[in-house]
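Structure assessment
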Amino acid sequence: MDSDIEKNFINCIKCIADKLNSDNNYVNKEYILEFKEKCDAIESNIESILNENRVLRIGIVGEVKAGKSSFLNALIFDGKDILPKAATPMTAALTKISYGKSSNARVVFYNDYDWDKVEIYSNYYDCELKKLYDQYHASKKNFSSQNDKDIKKSLEENIPIQYRSCKELTEIAKNNHINIGEYLNKSINIAIDELDNYIGVNGKFTCIVKHIELQLNNPILKDIELIDTPGLNDPILSRSDTTKKFLMNCDVVFLLSYTGQFLNNEDINFLIATLPNEGIGKAILIGSKFDSAILDYPKKKATFVEALVGSRRKFDEQAKSNINSCLNSDYRSQVLMKIKNSLPPQYISSLMFSIAQKMKEHISLDESEEHIIKQYQKRFKDFQISYDFLIDFSNIYNIKKNTFKEVFSEKDKIIKEKSNLLLKGQKNKLLSILEDINIQACQNLSDINNYDKNKLEKKLKMIEEKVSSIRIEIKNIFNMCAIDAKRVLTDIDVDIEKEVDKYTNIKINQRMEEHRETYNEGIFGIKKVTYKRTDTIYSVDVSNVISNIRKYITKAKNIANEEFSRLININELKKNIKETVIAAFDLSDKNFNENDVLVPIELVMKKIIIPTIDINISDYDEMILKNFSSGTVEGQEINQLKVKQEIVLQEIYKHISSILKNTESKISNILEEQANMFVDNIINQLSTNIRLIEKRLEDKDNSIEEYKKFINKIKTYKGEIIKIKV
């Protein structure tokens, strides 16, 4: 493979990094270190990407419960449940699957540092729960009739998911009597049939597993390596870092999204943020659980073919619309256009594939499989229960035989595109770091020209006094920002609650049933009389309620995502702070330079990370199906179904409301910290740089010339990077 561009780029930036390292006393050393670390990471990734003999690395990504493990079980294990399904984000494990002459598995456990983090966050959970519990009782004049267990369960929704996740891991370890020290920092080899002990909700050692490496003697894996990720929003930080490292080395991602809510906000954010940053060259969109989505087709008397074609058309348009709505940035649009050009998505049903395989091998279906078949038979008269029909419906063999073959035939092209995409993204980041170095160097040169040590001290003291004089104003800006964010989140909460009533209507079907009955009449009751009785039977399809629930979840997510842009405008916040700070100074003072305060403000603002609204709703279908498994209800059961629907919708709203409150709490904490520390952080930045300049003033004339040369070097470095075409 021609890799001259990559080699030239690496040689160029390594040379610049070495030169900067030898000139590390002109600006804050953090800038120099950041540039060096970025260069080392790029070199490592590029070497891995351009390895001629390597396999094609494919990442399987999506939210927890998107059907990733079921997809891989169908794809690799012919529908057998070899990879356990995760019940929660905490019980999901990253799994790397590659080819081997013999089948085996390697389990990698957490190290000491990883588990220390888990225990720290678990302790945070205990502290937060105690605080919330005490606050709850302090706010109640009389103790609630609820028991402690129910109260704590309700309160824990307000605790960050990272804390809850780690608490669950430590509890599993405790309940399973695991000697943690015996496993940390280690890995072990196990047989494939022992996997259940290490991954999945019932695995004894799931809580301490960082990732799994499988080697399988399967021809489909000979030229590829698969990475099954825990989910887009893994709450376990150390495991999330591992996932990111694996994904950085992936060439292709199969993005699985539940077809009924295809390409939601989390999926789009993943495409936008991860593909450019990690340099993934190609993405293939998979609509999972297509069987569930088709049952929501609105036309009740449609044939299966009509529902299949109509559903596919609807979800194709939905995916296209969601992608188009995000095409709002030149850099991002390049990636999204690639995704758009690969539309329409491919839709799969791992469940139907599993059913087909069991029919072929004369294996009994489980309860969920029997239920879905009954639903389809009842809904569609033309639905066939045959091996070939279900295999075609599942679309798994098409992915296996055609999509994988197509992807591998484009291996060289995909790897080259991955390399180019990675270099483009990293090129812009390197230029940004160099510009930060340039800004500080120019300001330092100006100060050396215009100040001596005494004047510098006076300048620092003057800036400290001026900036400190507006502490209240700065604090108010952050506090007002927190109030505005709370108002927006409250509006979102109210809007989502209002939507509940729009999804409570249930279509009631009716049919007429005739019955023939007889009775005796006459003096001796000998004569038999036959008559017809017509009854009106009312019924409701349970799928109608499931559809309402799913539509409400989708609507709630859409409301939250659309309104999130109003939450905090970082650019507006930055503008307000800059204007407030600058207003504290006398702009007519020749000794004052705006950059003296604007540069540190910019540096401090970069460190402010506002959390997003992460609405990850569990599967609420089961709350309906476990009580109404027949697919249709009649008579008194209709009212029972209506009541259950109302309960489930309210549960979903409460769940989302708790997520919003949790987000509000996190944002409030971040802004409160900035309100209290922002001015101090600016002063610390200034003070550190002033000390650097004071040292330089010991040889002023020579320092001025050296700074001029250094600034010219930075300009040259930027030009060298820009000239390299990637």
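Residues numbered from 1 in each chain as written. Predicted model: local features only at pLDDT ≥ 70, side-chain atom pairs only at ≥ 80, totals over all residues. Heavy atoms only, no water.

**Considering the overall build of the protein chain**
Of the regular secondary structure elements, the protein chain holds 24 helices and 12 strands. Looking at the 726 residues of the protein chain, the share that counts as buried comes to 50%. Sequence separation of 24 or more characterises 82% of the internal contacts of the protein chain that already satisfy a separation of 6 or more. In the form shown here, the protein chain has an accessible surface area of approximately 36,200 Å², with 48% of it arising from carbon and sulfur atoms. (Helix = DSSP H or I, 4+ residues; strand = E, 2+ residues; numbered from the N terminus. Buried < 20%, exposed > 50% of the residue type's maximum accessible area, 1.4 Å probe, protein only. Contact = heavy atoms within 4.5 Å. Areas by Shrake-Rupley, 256 points an atom, 1.4 Å probe, with all protein chains shown as cover.)

**Side note on a negative patch on the surface**
Taken together, D366, E367, E370 and E622 make up a surface patch of like negative charges. Note that D366 resides in the loop between α12 (350-360) and α13 (367-379). (Patch = residues over 30% accessible without salt bridge, like charges linked within 9 Å, V, L, I, M, F, W, Y side chains within 5 Å. Salt bridge = Lys/Arg side-chain N within 4 Å of Asp/Glu carboxyl O. Lys, Arg positive; Asp, Glu negative; His and termini not counted. Charge placed at Lys NZ, Arg CZ, Asp CG, Glu CD.)

**Let's talk about the packing of helix α1 (residues 4-22) against helix α2 (residues 29-49)**
Contact pair α1 / α2: the axes reach a minimum separation of 9 Å and the direction vectors enclose 155 degrees. Here α1 is positioned roughly antiparallel relative to α2, judged by the angle of their axes. In this structure, α1 meets α2 at a crossing whose hand is left-handed. Residue-level inspection shows E6, F9, I10, I13, K14, I16, A17, L20 and N21 of α1 in contact with α2, the latter providing I32, F35, K36, C39, I42, E43 and I46. A per-class count over the contact of α1 with α2 returns 11 nonpolar, one polar and four charged. (Axes fitted to C-alpha atoms, helices over the stretch in contact; angles between N-to-C directions. Parallel < 35°, antiparallel > 145°, perpendicular 65-115°, else oblique. Left-handed = near helix turned anticlockwise from the far one by under 90°. Nonpolar A, V, L, I, M, F, W, Y, C, P; charged D, E, K, R; others polar.)

**A closer look at unusual backbone geometry**
The phi dihedral of K289 falls on the positive side, at around 50 degrees, and the residue is not glycine. In this fold, K289 is placed in the loop between β8 (282-288) and α9 (290-294). Look at N395: it is not a glycine, yet its phi comes out positive at around 70 degrees. Note on N395: relative accessible area 16%, which makes it buried.

**Thoughts on the environment of D126**
By the element assignment, D126 lies in helix α4 (residues 112-138). Distance from D126 to K167, taken between C-alpha atoms, is 8.2 Å for residues 41 residues apart in sequence.

**Observations regarding the confidence of the model for the protein chain**
Across the protein chain, pLDDT averages 81, with 87% of residues at or above 70. When mean pLDDT is taken per element in the protein chain, helix α14 (residues 387-394) scores highest with 93 and helix α7 (residues 237-248) scores lowest with 55. Low pLDDT, under 50, characterises residues 86-91; the stretch is placed with 23 contacts to residues that sit more than four places away or in other chains. Low pLDDT, under 50, characterises residues 232-239; the stretch is placed with 33 contacts to residues that sit more than four places away or in other chains. (pLDDT = per-residue confidence, 0-100.)

**Focus on the pattern of salt bridges**
Enumeration according to the criterion identifies 21 salt bridges in this entry. The shortest N-O distance in the salt bridge between D447 and K459 comes to 2.7 Å. With D447 in helix α16 (residues 411-450) and K459 in helix α17 (residues 453-469), this residue pair connects regions lying 12 residues apart in the sequence. For the residue pair D447 and K459, the accessibility class agrees, reading buried in each case. Between E706 and R696 there is a salt bridge, and its shortest N-O distance comes to 2.4 Å. Here E706 is found in helix α24 (residues 700-723), whereas its partner R696 is found in helix α23 (residues 636-696), with 10 residues between them in sequence. Here R696 falls in the buried class, since its relative accessible area comes to 9%.

**Digging into helix α6 (residues 161-175)**
Relative to the 21 Å expected for 15 residues at 1.5 Å per residue, α6 spans 21 Å between its end C-alpha atoms, a close match to the ideal helical length. What α6 keeps buried is the set Y163, S165, C166, K167, L169, T170, I172 and A173. Next to the buried residues of α6 lie α4. Downstream of α6 by a residue or two, H177 has a phi angle that is positive, lying close to 55 degrees. (Expected span 1.5 Å × (residues − 1).)

**Focus on the sheet that holds strand β10 (residues 509-521)**
Taken together, the three strands give an open sheet; going across it, the order is β10-β11-β12, and neighbouring strands pair in antiparallel fashion. Across the chains shown, the open sheet's two edge strands, defined by having one partner strand only, are β10 and β12 (632-634). Averaged over all adjacent pairs, the angle separating strand axes in this sheet is 35 degrees, with direction ignored. Bridge count for strand β11 (residues 527-541) against β12 is three bridges, and the pairing is antiparallel. Residue pairing across strands places V540 opposite V633, the latter belonging to β12. (Pairing = 2+ DSSP bridges.)

**With respect to the sheet that holds strand β9 (residues 346-347)**
The sheet built from nine strands is open, its strands ordered β4-β3-β5-β2-β6-β1-β7-β8-β9 with mixed pairing. Taken across any chain shown, the strands that pair with only one partner, and hence form the sheet edges, are β4 (187-190) and β9. Where strand β1 (residues 56-61) lies against strand β6 (residues 224-228), five bridges are found, and the strand directions are parallel. In the strand pairing of β6, L56 is matched with I224. Its contacts with the sheet put helix α3 (residues 68-77) on β1, β2 (94-99), β5 (209-216), β6 and β7 (252-258), and the angle it makes with β6 is roughly 155 degrees.

**Some points on the state of the cysteines**
Using the criterion set out here, one finds zero disulfides in the structure. The thiol of C39 is not disulfide-bonded; the next cysteine sulfur, from C12, is found 8.9 Å away. For C39, a relative accessible area of 1% puts it in the buried group. (Disulfide = S-S within 2.5 Å.)

**Looking at the packing of aromatic side chains**
For the structure on display, the rule yields 26 aromatic pairs. Each ring, one from Y121 and one from Y124, has its centre 5.7 Å from the other, and the planes form 65 degrees; the classification is edge-to-face. Highlighted residues: Y121 and Y124, both in helix α4, separated by three residues, approximately one helical turn. Judged by centre distance (5.3 Å) and plane angle (90 degrees), the ring pair of F353 and Y397 falls under edge-to-face. Taken together, the positions of F353 in helix α12 and Y397 in helix α15 (residues 396-409) put the pair 44 residues apart, joining distant regions of the chain. Here a set of aromatic residues connected by ring pairs shows up, and it is made of F290, F304, F315, Y347, Y376, F380, F383, F389 and F393. The ring of Y397 is capped by K401, whose NZ or CZ atom sits 5.1 Å from the centre of that ring. (Phe/Tyr/Trp six-rings, centres within 6.5 Å; stacked < 30°, edge-to-face > 60°. Lys NZ or Arg CZ within 6 Å of the ring centre and 35° of its normal.)

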